[in-house]
Amino acid sequence: MRVFLAGALGVIGRPLARLLVQAGHEVTGTTRSAAREAELRALGLAPAIVDAFDADALRDAVVAARPDAVIHQLTDLPDVLDPAAMPAALARNARLRSEGTRNLVAAARAAGARRIVAQSIAFAYEPGSGPHGEDDPLAGVARGETTASVRGVLALESQVLSSGLDAIVLRYGRLYGPGTWTDRPNGPAPLHVDAAAHAALLALDRGGTGLYNIAEDDGYASIAKARRELGFDPGFRIDR
């Protein structure tokens, strides 16, 4: 399968790129910096140097790749956790989820892709007893008090699920492991980065459409649907 991986050098993008290539997929991966082209090639990817906010350039890159599927792993978060910098970082990330997703969905449709898989979050449900299913409301939605982060998530999910493509949104838990902010689970709905990457690989072939919670089974978010329909295993790890 030809796959366009947006965000190929991100925390999930790197292990996912490895899994995709190992599975025999032909992958085009993106980065915003021409200086990082060699990193994409080292992963076995065809490079696409493009900014997701440049709608025309992104469309041209996706059309040139002729993908069967597009995977959205774009984020704009710092490599090192700095609480003082987080409000600005979260605002940038919310904008990427809204505007960048809109551009990527339009590019996928222009390229004739049949499937799109996108990352969302599984740790922002409205407070209440768990485990939370995919139909439960996100924080503040019922009260009209959504934060910028939740508004960005809602925009991403709505645009992907209404794209007209076979659309899957993976609601990821709080990431830990190589390349993340922590080596150990931290907070509700933890998720190892390798298991997150593997879920996206599974979604290419096994998933139907719609939302899937992707996390460890700690009682916060129900992962029954992901286990049943994707074959998701939160214990999956890559041999390093």
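If you're wondering where the values come from, they're calculated on a predicted model, not measured in any experiment.

Quick notes on the rules
Residues numbered from 1 in each chain as written. Predicted model: local features only at pLDDT ≥ 70, side-chain atom pairs only at ≥ 80, totals over all residues. Heavy atoms only, no water. Buried < 20%, exposed > 50% of the residue type's maximum accessible area, 1.4 Å probe, protein only. Helix = DSSP H or I, 4+ residues; strand = E, 2+ residues; numbered from the N terminus. Phe/Tyr/Trp six-rings, centres within 6.5 Å; stacked < 30°, edge-to-face > 60°. Lys NZ or Arg CZ within 6 Å of the ring centre and 35° of its normal. Axes fitted to C-alpha atoms, helices over the stretch in contact; angles between N-to-C directions. Parallel < 35°, antiparallel > 145°, perpendicular 65-115°, else oblique. Left-handed = near helix turned anticlockwise from the far one by under 90°. Contact = heavy atoms within 4.5 Å. Nonpolar A, V, L, I, M, F, W, Y, C, P; charged D, E, K, R; others polar. Salt bridge = Lys/Arg side-chain N within 4 Å of Asp/Glu carboxyl O. Pairing = 2+ DSSP bridges.

## Considering helix α6 (residues 193–205)
Here is step 1: Of all 13 residues in α6, 12 are buried; the element is thus mostly enclosed.
Here is step 2: Those residues of α6 not exposed but buried are V193, D194, A195, A196, A197, H198, A199, A200, L201, L202, A203 and L204.

## Structural notes on the packing of aromatic side chains
Here is step 1: Counting across every chain of the model gives 1 aromatic pair.
Here is step 2: Centre to centre, the rings of Y125 and Y220 are 6.3 Å apart; their planes meet at 50°, and the pair counts as tilted. Highlighted residues: Y125 in the loop between β5 (115–121) and α5 (148–161) and Y220 in the loop between β9 (210–214) and α7 (224–230), separated in sequence by 95 residues. The same class applies to Y125 as to Y220, namely buried.
Here is step 3: Sitting over the face of the ring of F53, R95 holds its NZ or CZ atom 3.9 Å from the ring centroid.
Here is step 4: Seen from the ring of Y212, K225 lies directly overhead, with NZ or CZ sitting 4.6 Å from the centre.

## Quick word on the packing of helix α1 (residues 13–22) against α6
Here is step 1: Put simply, α1 and α6 touch, their axes get as near as 8 Å, and they point 45° apart. In terms of orientation, α1 lies oblique with respect to α6. Here α1 and α6 pass one another in a crossing that is right-handed. In contact with P15, L16, L19 and L20 of α1, α6 contributes V193, D194, A197, H198, A200, L201 and L204.
Here is step 2: Within the contact of α1 with α6, the residues separate by chemical class into 9 nonpolar, 1 polar and 1 charged.

## Details of the pattern of salt bridges
Here is step 1: If you walk through the whole model with that rule in mind, you get 10 salt bridges.
Here is step 2: Between E37 and R41 there is a salt bridge, and its shortest N-O distance comes to 2.9 Å. With a gap of 4 residues between them, E37 and R41 both fall in helix α2 (residues 37–42), about one helical turn apart.
Here is step 3: Linked by salt bridges that have partners in common, R14, R36 and E39 make up one network.

## As for the sheet that holds strand β3 (residues 46–49)
Here is step 1: Taken together, the 7 strands give an open sheet; going across it, the order is β3-β2-β1-β4-β5-β6-β9, and neighbouring strands pair in parallel fashion. A single partner strand is all that each edge strand has here, and the edge strands are β3 and β9. Pairwise comparison of adjacent strand axes, ignoring direction, gives a mean angle of 20° for this sheet.
Here is step 2: Judged from the 4 bridges that link them, strand β1 (residues 2–6) and strand β2 (residues 26–31) form a sheet pairing that is parallel. By the bridge assignment for β2, L5 is matched with G29.
Here is step 3: Against the sheet, α5 contacts β4 (69–72), β5, β6 (166–172) and β9, and its axis sits at roughly 165° relative to β5.
Here is step 4: Lying on the sheet, α6 is in contact with β1, β4, β5, β6 and β9; it crosses β6 at an angle near 165°.

## Focus on unusual backbone geometry
Here is step 1: Note the cis peptide between G130 and P131, where omega equals 0°.
Here is step 2: Relative to the helices and strands, P131 resides in the loop between β5 and α5.
Here is step 3: You will see that R66, though not glycine, has its phi angle at about 50°, which is positive.
Here is step 4: For R66, a relative accessible area of 48% gives the class partly exposed.
Here is step 5: Even without a glycine there, the phi angle at A189 is positive, about 55°.
Here is step 6: Here A189 lies in the loop between β7 (174–176) and β8 (190–192).
Here is step 7: The class of A189 is buried, set by a relative accessible area of 0%.

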